Amino acid sequence: MTNEPHSEFSSVGKSLARPDVAAKATGAARFSADIALPGMLIGRILTSPHAHARIVAIDTSRAKALPGVAAVITHADVPKRGFTRSVMAEGLPPFAYETENLDQYILSDKARYIGDWVAAVAAVDLYVAERALDLIEVEYEVLPAVFDPEDALAPGAPVVHKGWKDNVAGVIEHPFNRGDLDAALASSAHVAEFSGRNSRQKQAHMEPDAAIASWDDKGRLTVWSPSQNAHLAKKAMGRRVFDIGEGNVRWITPAVGGGFGARLSFGVEPVAAMLAKVTGRPVKVLVTREEDFNGWNSRTEQRQTIRVGVGEAGEITAIEQDVLSDSGAYFSHSGTISAVNMQSTLGVMRSPVVRGKALMVYTNNPTASGMRGYGNPEGSFILQQALDIAAEKCGMDPVDFRLKNARGPGEPSMWEPQAITTCALPECIRRGAVAIGWDQKWHGWGAGKEGRYRRGVGMSIMTHASGAGGFLLEHSTAVMKLDEDGTASLSVSPCEMGQGILGVLAQIAAEGAGLRYEDVRTVTGDTDVTLFDIGTHASRSTYAIGNAALDAARKVKAIVVERAARMLGVESEGLDVRDGRVFAVADSSVGVSVAEVAHAGIYEYGTDARHIMATGKHQSVMHCPNFQAGFAEIEVDVETGVIKVLKLVIAHDIGRAINPLTVEGCLEGGAAQGLGYALTEDLVIDKGTGKVVSDSFATYKMLSALDMPEVEVILVEEPDPTGPFGAKGVGETGITNVAPAIANALYDAAGVRVHSLPITPEKVLEALRAHGAGA
Amino acid sequence: MHRALLPFEFSEPASVEEAVALVDGGRARALAGGVDLVLKMRLRQETPERVVSLQKIAGLDHVRVDAHGGGALHIGALATLRQVEQSAAVTQGWPLLAEAIASIVSMQTKVMGTLVGNLCVGTPASDVAPALFALGARVKIAGVGDERDIAVEDFFLGPGVTAVRPHELVTEVVVPARPVGSAGRFLKLSKTADDIAKVNVAVSVAFSRGTCAHARIAIGSAAPTPVRAVAAEELLLREDWCPATAKAAAEAAARSVRPISDVRSTADYRAEMVKVLVRDALTQAADGAGVLDGHDGKEA
Ligand SMILES: Cc1cc2nc3c(=O)[nH]c(=O)nc-3n(C[C@H](O)[C@H](O)[C@H](O)COP(=O)(O)OP(=O)(O)OC[C@H]3O[C@@H](n4cnc5c(N)ncnc54)[C@H](O)[C@@H]3O)c2cc1C
C-alpha cells in the first residue's frame, strides 16, 4: 500500500527510480568478476575433501611446473597472523573484540571442514589454474570429526582447534539480565516453553564471491571486491591479515550482486592479496557456487529454548532464553550473532525478569556467519511461538497478548540503556490484523478444524535496530559538493547491493539541499574517496548514512542561501531553496538558480571564490529501534503435510518511507526470503561425513515467483525525531516475522508445532501423526 | 570443484550412422540439448574425451502424428521439451504428456533440453517418463547397422542406467493412439514449483459400465527407476469403480515402490505420498473420463 506522497517534499516520500536501475537491467553494471586489469592472473583455491585432517605434506612441484602457472601457495607461505573472517567485528568496542577468536589464517595447516582452504594457485587463465589445482598433492592424516554442537560438547569429542582444551568457542551472558528467574517462574500463573532450531539459511547472493588484488611499486594494496563494509575491511586487511597499516590499503567496491550479510565477512580477498603479493601481478580469485555452498557463509544454526512466565492478568513476568550456536569450523560471526539474537529477541516484550545465555561451539561444519536479520529470525521463531503458547495458557487472543506486553515509547529499547523514541507497533498490529482478517478468521484456541484442507492464521512481532549505536562503533561522514551546473556529488560509503540505497541517499540529500533528485549523484565504492563509515548492516544505511547526508546537504543549502542573498542583495533569512532554485519565501519571483550560485562561486575572479561543499556527520549511541507486525494465513493439506501460504501481511514502523516503492520492495524481498527460510531453504550436511549435500540451487531450494503468495505491505509512518525526515531502518526486517507467523498459523490450522526450520511437509505430517490427526 | 570443463574433442556428425559409430556411452558421449551433460561435465561427474553433438543430424526434430501407423505420435530425438509441450497434436491427442512437461517450469531447460535426452539421463525422477509409461510409449534405438524398439518400461534399468548400449542412440519415442474414452492425470509433489519431484504419478484410465476397461499407473522418484504399478492396475480392472477401489489401488501401488531418503524427501514420506497421489490422480482421471457423471466414458 503506497502512502500518498508528502506534498511538503520534492523528493522524499516519492517512489523515484533508482540511479543504478538501468545499468543493472541492461547488464552494463560491472561486478568484481567483470573487471580485468593488465597482466592480471586468475587465482583458484584448493579445498579440503576431509572434514578434519592434519596436513602432513603438500607437494606443489608438479603444479608449479605446469606452463602458465605463476604461483602455488600453501599455509607455509602465508603470514602467521590470526584474524577473524568477520570484518564487521572491527566495529566492536575493544573489550568485545577481545572475545572474538582470531582463529583464521589465509590458508590452513589443518583442514577443519570439507571445503577448508588448503592451497591456492595463480595462473594465466582459469583453465591452467584449475589444471594446476589437480596437480597439487596433499597428504592428509584424517582425524575424527564432530558435526553436532551437542556432540562437540561431550567429553572426549575431537577438538577442532589445536591448543584448545575443548570446543567451547565462547560464552555470552545477555548484558541486560535482571531479577531472580527461578523465583519469578515459580510464582507465575503459567509458564510457556518452546524449543527448536533454525536452519543454516544461505545468503545465496546471485554474484558468487570474487576478488581482485593488486600491489603497487610502493607496497600499497588495492582490493576490488563486493564488501558490505569496505572501510572496516580495509582496516582488517591492513592491520590483521597483513601488517601494513590502513593507509596502505585501498578498497574498491564495484557493483555488488547481493550481500544479505555474507559480505560482512572476508571472502576470497586475503587469498587474492597473498597471490598478488607473491606474483607481483594483479590476481583475480574466483569460486564456484558449490564452493560457496560448502564454504564460509551461512546463517548460524542456533538451538534454543525460551521460557515465558505470565501472571494472572496475562502480564509477562519473566523471559528466559538459552542459545547454543554452532560456529562451524571458525568463529566468524557466531558470537556477535548470538548476542544480537538475545538483544532483539529479549528486547521486544516488557518483562521485569530477563535471563539470556549463549554458548558458541566449534564443529567440523562449514563456517557460519551473519545473515539478514542477524539473530532476529533465529530468536523470533522460538519466542513468537512461546508467546502464543503463553497466550493460549491465559486464554488470550494472540493480538491482545502482544498489545498488552510489547514495549512502547519511553521504555527501554532492545539495547536497554537507551529508551524507545517512537514506536508504531500497536498501529502495525492493528492494521495488520485488519488486513489479514484476524477477527473473522481467528476462532479462538482449540478451534478444532476438520477436513483435509485446514486454514489458519498466525502472527508475530519484532523490533530491530536502525543502526548500531550503543553496541558497535556508529558513525558516518558524508561529503556533498556542488558543481558549476548546480548538480551535486554526494560522497558516502554504503554498499549498494540491490536494495536501492544510492537513490534513497540522493533523495535525502536533494531534499535537504533543495536540489532536484536527478541532480544529485551518489558517489561511492572507493575508500580513497569516501570518508569513514561502518558499512551496510544493522539496517542502518538510510538512518545513519542518511543523517550524515542530510547534515551535509543542509550545510550546502545554508552556504547557497548565504551566497544567493548577497547576489540578490536581500537578507538570507527570507530565502529558501527547492528544486534547484533559491527564492524569497515572501515573493517567489525573487530568486536565482542554484546553478548560478554554484557557478559564480567557482568562476569568481576576485577573492571570494568557493567550491560549495560541506561534510555532514552522524554519530549516535542510539540505534532508533523500528518495529513490525507480521501475519500469515495458510492452508495445510493434512494428507500431504503441504502448507500453502494464502497471504502474508507485513506492517512496518518505517518512521518515514523516503522511497515507498523501495521500502515495499525491500519488505517483499524479505518476505520471499523469510518464506524460503520458513518452508524450504535448508543447507543439508551429511551427518556422517560433514559434506554439504544441498550444494547447488538444484538441491538448496529457494522460492521463485511461482511460489509466492500475495504479500500486503503496510507502511506505518510516524516520523522519528532522530531519523532523516523521520525515517527508520527496514533492510533486514522483512524476513523475521514470516516463519513464526506461519508456525503459529499452522498451530491454529492443525494444532501442531514443528520445532525445526524449515517446516517441511515431511515434518508437518510427522507432527500430525504424533498428534493423532490427519490421514 | 571446478568452473571450467576439461578439454574434449567435439564432433558434429551429419547422420545417425556416423553418430552411432562415434558414441560409446562412456568416453564418447552424445549431446542433444546439453542441459544435463554439460552440467555433469563441469561437476566432473562425466569426463568424456569426445562429445558427439546430434544437432547437425537432419530429420530428428519432429513431433508428428503418423496417420498411417494407427495415429501414433512420433517424437524425434532432437525435439525439445517445449516443442512437445506446445505441439497441438500433443495437447489434443496426449494431454497427459503436455501436462507432465508443463510441470517442468524451467523454461531454459525446456527450450534447450530434449524429451529423449530427458529419458536418456535415466533418472527415476523424470516427469516425462511416468506419462510415457501411462501412455504405453515405445523407444526406438539405432545401433550400428540395426534398429530395435523397446517398451519405455524396459528402457530404465537403474539410476542413471538405460537400455542404450555403447554405439547406440535413441532416434525416436513413439506414443500409440490413446485408448478410446481414456483420460489421464499427472500429479507431482516437489519442494518448490521449479524443483525435481519428490514423487510423481501419471495415470491413464478408461471405463466401461462402471469398471475400468483400461488402467495404467506409473510412479516416479520412488524406486531406482520409474515404475508401473501393475498390481494396482489389475485391481482396477477387476473391481467396480468407487472411492474404495481407488484407495485400494493406491495401497497396492505403494507396494510396487522402493523409495529412498535423500536431499529432497524421506523414504517414509515418499511411500505415503504414493498412496495419496495415486488415489487423487485416479479419482481426478476418472472424473475426466466421465465415470463420476454416470457415463461410461465411451464418447469422451
Ligand atoms: C534447472 C533444471 C530443471 C529441471 N527440471 C526438471 C523437471 O522438473 N523434471 C524433469 O523431468 N527434468 C528436469 N530437468 C532435466 C531436464 O529435463 C533434462 O536434463 C533434459 O531434458 C536433458 O535433455 P538434453 O537434450 O539437454 O540432454 P543432454 O544433456 O544433451 O543429454 C543427456 C544424456 O543423454 C544422452 N543422450 C542425449 N540424447 C541421446 C540420444 N538420442 N541417444 C542416446 N543418448 C542420448 C547424453 O549422452 C547424456 O548422457 C531439469 C534440468 C535442469 C537443469
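These numbers come from a predicted model, not from an experiment. (Residues numbered from 1 in each chain as written. Chains lettered and ligands numbered in written order. Predicted model: local features only at pLDDT ≥ 70, side-chain atom pairs only at ≥ 80, totals over all residues. Heavy atoms only, no water.)

**Considering the overall build of chain B**
(1) Moving on: Within chain B, the secondary structure is distributed over eleven helices and 14 strands.
(2) Moving on: In terms of principal-axis extent, the alpha carbons of chain B reach across some 60 × 45 × 30 Å.
(3) Moving on: By residue count, 54% of the 300 residues in chain B fall in the buried class.
(4) Moving on: Long-range pairs, those at least 24 residues apart, make up 61% of the contacts in chain B between residues at least 6 apart in sequence. (Helix = DSSP H or I, 4+ residues; strand = E, 2+ residues; numbered from the N terminus. Buried < 20%, exposed > 50% of the residue type's maximum accessible area, 1.4 Å probe, protein only. Contact = heavy atoms within 4.5 Å.)

**Looking at the nonpolar core**
(1) Moving on: Formed by 135 residues in total, the largest nonpolar core has its most connected members in Phe631(A), Ile643(A), Ile742(A), Leu746(A), Ile219(B) and Leu282(B).
(2) Moving on: Of all the elements, helix H11 (residues 267-288) of chain B adds the most residues to this core, at ten residues.
(3) Moving on: Residue contacts for Leu282(B): discarding those within four places in its chain leaves Val203(B), Val205(B), Ile217(B), Leu236(B), Trp241(B), Ala246(B) and Ala249(B).
(4) Moving on: In terms of nonpolar packing, the next biggest core, distinct from the first, is built from 58 residues, Phe83(A), Val87(A), Ala273(A) and Leu472(A) among them. (Core = buried A, V, L, I, M, F, W, Y, C linked by side-chain atoms within 4.5 Å.)

**Things to note about the sheet that holds strand E12 (residues 283-286) of chain A**
All names here are of chain A.
(1) Moving on: Strand order in the open sheet made by the seven strands is E3-E5-E1-E12-E9-E10-E11, with mixed pairing throughout. For this open sheet the edge positions go to strand E3 (69-74) and strand E11 (249-252), each flanked by a neighbour on one side alone. Along the sheet, successive strands turn relative to each other by an average axial angle of 20 degrees, direction set aside.
(2) Moving on: Bridge count for strand E1 (residues 41-47) against strand E5 (residues 117-123) is six bridges, and the pairing is antiparallel. In the sheet register, Leu 46 faces E5, and the bridge partner there is Ala 119.
(3) Moving on: Helix H4 (residues 126-135) rests against E1, E3 and E5 of the sheet, and its axis sits at about 25 degrees to E1.
(4) Moving on: Contacting strand E10 (221-224) and E11, helix H7 (residues 230-241) crosses the sheet at an angle of about 145 degrees to E11. (Pairing = 2+ DSSP bridges. Axes fitted to C-alpha atoms, helices over the stretch in contact; angles between N-to-C directions.)

**Side note on the site of the ligand**
All names here are of chain B.
(1) Moving on: The ligand sits among 28 residues. The nearest are Arg 29, Ala 30, Gly 33, Thr 114 and Asp 127.
(2) Moving on: A distance of 2.7 Å separates an oxygen atom of the ligand from a polar backbone atom of Ala 32.
(3) Moving on: Between the ligand and Gly 33, the relevant distance is 2.7 Å, taken from an oxygen atom to a main-chain nitrogen or oxygen of the residue.
(4) Moving on: Protein contacts shield 87% of the accessible area of the ligand, which totals 980 Å² for the unbound molecule.
(5) Moving on: Every element with two or more residues in the shell around the ligand is listed here: strand E2 (28-31), helix H2 (35-42), helix H7 (115-120) and strand E10 (168-175).
(6) Moving on: Taken together, the residues that form the shell around the ligand break down as 15 nonpolar, eight polar and five charged.
(7) Moving on: Each of domain 1 (9-53) and domain 2 (183-293) contributes no fewer than three residues to the shell around the ligand. (Near = heavy atom within 4 Å. Polar contact = N/O pair within 3.5 Å; in protein donor to acceptor, adjacent residues only side chain to side chain. Areas by Shrake-Rupley, 256 points an atom, 1.4 Å probe, with all protein chains shown as cover. Nonpolar A, V, L, I, M, F, W, Y, C, P; charged D, E, K, R; others polar. Domains from an automatic or database assignment.)

**Describing the domain arrangement of chain B**
(1) Moving on: According to the domain assignment, chain B consists of domain 1 (9-53) and domain 2 (183-293).
(2) Moving on: Taking the mean C-alpha position of each, domain 1 of chain B and domain 2 of chain B sit 35 Å from one another.

**Here we look at the environment of Thr542(A)**
(1) Moving on: Structurally, the position occupied by Thr542(A) is in helix H16 (residues 541-568).
(2) Moving on: In this structure Thr542(A) touches Ile501(A), Val504(A), Ile508(A), Asn547(A), Ile658(A), Pro724(A) and Ala727(A), once residues within four positions along its chain are discounted.

**Some remarks on the domain arrangement of chain A**
All names here are of chain A.
(1) Moving on: Partitioning chain A into domains gives domain 1 (21-27 + 475-619), domain 2 (32-144 + 207-293) and domain 3 (397-466 + 623-775).
(2) Moving on: At the junction of the two partners, domain 2 supplies six residues and domain 3 supplies eleven residues.
(3) Moving on: Approximately 680 Å² of surface area, both sides summed, lies buried where domain 2 meets domain 3, with 70% of it carried by carbon and sulfur atoms.
(4) Moving on: On the domain 2 side of the interface with domain 3, the three residues burying the most area are Ile 114, Glu 290 and Phe 293, jointly 74% of the side's total.
(5) Moving on: At the boundary of domain 2 and domain 3, one finds zero salt bridges.
(6) Moving on: For the pair domain 2 and domain 3, the number of links is zero residue pairs in polar contact (both at pLDDT 80 or more). (Buried area = accessible area lost by both parts, 1.4 Å probe. Salt bridge = Lys/Arg side-chain N within 4 Å of Asp/Glu carboxyl O.)

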